[in-house]
Amino acid sequence: MSIETTVTRAWQRQAPWLWLLLPVSWLYGLVIRLRRYAYKSKWLSSYRAPIPVMVIGNISVGGSGKTPLIIELVDYLQKQGVGVGVISRGYGGDSSQMPALVNASSTPNMVGDEPCLIVGMTNVPMAVSPNREQAITTLLVSHPDLQLIVADDGLQHYALQRDIEWIVVDAARGFGNEQLLPTGFLREPMSRLKGANVIYHDQLEVDPADEANEGSNKAQINHLTMHMQAEEMQQLWQPASSDTPTIDSQTNSTSPKKGCQVYAVSGIGYPQRFFDTLTSLGFDVIGYPYPDHYEFNLTELLQYQDHPVVVTSKDAVKIRALLVKATADKTLSNEYKALIGRLWVLPVTAVLSEDCYQLLESQLKKLGIDVKHNLA
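Residues numbered from 1 in each chain as written. Predicted model: local features only at pLDDT ≥ 70, side-chain atom pairs only at ≥ 80, totals over all residues. Heavy atoms only, no water.

A. Main features of the sheet that holds strand β9 (residues 234–235). If you walk across this open sheet you meet the five strands as β9-β13-β12-β10-β11, and the pairing is mixed. Two strands close off the open sheet at either side, each with one partner strand: β9 and β11 (284–289). Sheet analysis places strand β10 (residues 261–266) next to β11, joined by six bridges and oriented parallel. Note that in β11 the partner of Tyr263 across the bridge is Ile286. (Pairing = 2+ DSSP bridges. Helix = DSSP H or I, 4+ residues; strand = E, 2+ residues; numbered from the N terminus.)

So, in structure tokens, the structure goes:
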């Protein structure tokens, strides 16, 4: 078990030994406060992009639903005629080749898994680089007509000035012991949420007795909230074009049915949410959590033989890239073909409360960006 996995599990169960790290957290807290003050006081220089920037991030380590939120916002803005682009650090990619534009042929080892997923779902103009200024410059050179840039996970990157900040909070996971790293999993103190635009990510829970209660429904949407809606399960290997190799898998294409056992294999920030989603859909889940951004290999996936293997969309982009490479390098054995037939993806869509869209439109209007409300 990796150190990352050990610490993550300790955070989840709030292990008592974490309090031994409290002095380190105090030092970390002092550093981040001084750093933020230095940028605020202009002792450290920051970059102002030539067009408005919207930062979407969180104050905690691990998954909060940020990537599905970005995909939903990009899709919404595109439908409303807003020229939107996205930048990202490109975690997991090859930083020596950055800044780089992300396109349909980009792979996770080049630009990172989340950028591949975002572009694959939206075809949005996107650039990656640890240096956000370089990413923006690269993006605008190729797409000079953009009106808005969405910065993926740049909340703590104060070298980038921003016009809008949205902070995503996983309400189900909470804040653990509410301590900064490494005692807890907070990147910044909870005071960072004061006065901020906080989007609370929680499960959609409606009591059947309240469904007819209009007042109850209004109360539910009068907040900045989001939840994930599971879509129809899909086979992971779906050749997108004639250039993609066709693999004759050795199982049928019938998706897993409710009540059957499935291996839930997940390398995301908070795997338990994925496991819980599958359970709520009626599956008997055998969960196998991996560290966030985990680099899978096909050989280790062979161990999951007895039941269908279900992964997230984020993990799917990495596994799909492995399959493309494997088929290009050699002919797959029957063992691997059987694995491909067992691999399934559970896509999810972020569903936002109406208040989120109203807030977005209001913020964009102040920046001179008009949402046209096209019927797309």
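B. Representation of the nonpolar core. Within the largest apolar cluster, 41 residues are counted, with the highest numbers of intra-cluster contacts made by Ile56 and Trp166. In terms of residues, this core owes the most to one element, helix α3 (residues 66–79), which gives seven residues. Ignoring any residue separated from it by four or fewer positions in sequence, one finds Trp166 in contact with Met54, Val55, Ile56, Gly57, Leu69, Leu73, Asn197, Ile199, Cys356, Leu359, Leu360 and Gln363. (Core = buried A, V, L, I, M, F, W, Y, C linked by side-chain atoms within 4.5 Å. Buried < 20%, exposed > 50% of the residue type's maximum accessible area, 1.4 Å probe, protein only. Contact = heavy atoms within 4.5 Å.)

C. Representation of the pairing of strand β1 (residues 53–57). Along β1, five of the five residues are buried, which leaves the element largely enclosed by surrounding structure. Residues Val53, Val55 and Gly57 line one face of β1 and the alternating positions Met54 and Ile56 line the opposite face, and both faces are buried. For β1 and strand β5 (residues 148–152), the ladder comprises four bridges, and the chain directions are parallel. Residue pairing across strands places Val55 opposite Ala151, the latter belonging to β5. Note that β1 and strand β6 (residues 164–170) share four bridges and pair parallel. Looking at the pairing, Met54 lines up with Ile164 of β6.

D. Here's a closer look at the packing of helix α5 (residues 113–122) against helix α10 (residues 313–329). Between α5 and α10, the least distance of the axes is 9 Å, while the angle of their chain directions is 100 degrees. Accordingly, the angle class assigned to the pair α5 and α10 is roughly perpendicular. When α5 is examined against α10, the residues Asp113, Glu114 and Leu117 are found in contact with a partner set consisting of Ser313, Lys314, Val317 and Lys318. Across the contact of α5 with α10, the residue classes break down as two nonpolar, one polar and four charged. (Axes fitted to C-alpha atoms, helices over the stretch in contact; angles between N-to-C directions. Parallel < 35°, antiparallel > 145°, perpendicular 65-115°, else oblique. Nonpolar A, V, L, I, M, F, W, Y, C, P; charged D, E, K, R; others polar.)

E. View of the side chain of Glu114. Along the chain, Glu114 turns up in helix α5. Under the relative-accessibility criterion, Glu114 is labelled buried at 14%. Look past the residues within four positions of Glu114 in its chain and what remains in contact with it is Lys66, Thr67, Asp152, His293 and Lys314.

F. Seen up close, unusual backbone geometry. Cis geometry marks the peptide bond from Met98 to Pro99; its omega dihedral reads 10 degrees. As for its position among the elements, Pro99 is in the loop between β2 (84–88) and β3 (100–102). Here the bond from Leu181 into Pro182 is cis, since omega is 0 degrees, no more than 30 degrees from zero. Mapped onto the elements, Pro182 comes out in the loop between β6 and β7 (197–201). Phi at Lys42 takes a positive value of approximately 65 degrees, unusual for a residue other than glycine. Here Lys42 is to be found in the loop between α2 (22–40) and β1. With a relative accessible area of 74%, Lys42 lands in the exposed category.

G. Structural context of the packing of aromatic side chains. In this structure the tally under the stated criterion is ten aromatic pairs. Taking 6.2 Å as the distance between ring centres and 65 degrees as the angle between the ring planes, the aromatic pair formed by Trp11 and Phe185 counts as edge-to-face. With Trp11 in helix α1 (residues 3–13) and Phe185 in the loop between β6 and β7, the pair connects residues that are 174 residues apart, well separated along the chain. The class for Phe185 is buried, based on a relative accessible area of 3%. Pairing Tyr288 with Tyr304 gives two aromatic rings, centres 4.7 Å apart and planes at 55 degrees, and the pair type is tilted. Of this pair, Tyr288 sits in strand β11 while Tyr304 sits in the loop between α9 (298–301) and β12 (309–311), and the two are 16 residues apart along the sequence. Judged by relative accessible area, which is 31%, Tyr288 ranks as partly exposed. Judged by its relative accessible area of 3%, Tyr304 is buried. In this structure an aromatic cluster arises from ring pairing among Tyr263, Tyr288 and Tyr304. Geometry around Phe185 places Arg173 over its ring, the cationic atom sitting 4.1 Å from the centre. (Phe/Tyr/Trp six-rings, centres within 6.5 Å; stacked < 30°, edge-to-face > 60°. Lys NZ or Arg CZ within 6 Å of the ring centre and 35° of its normal.)

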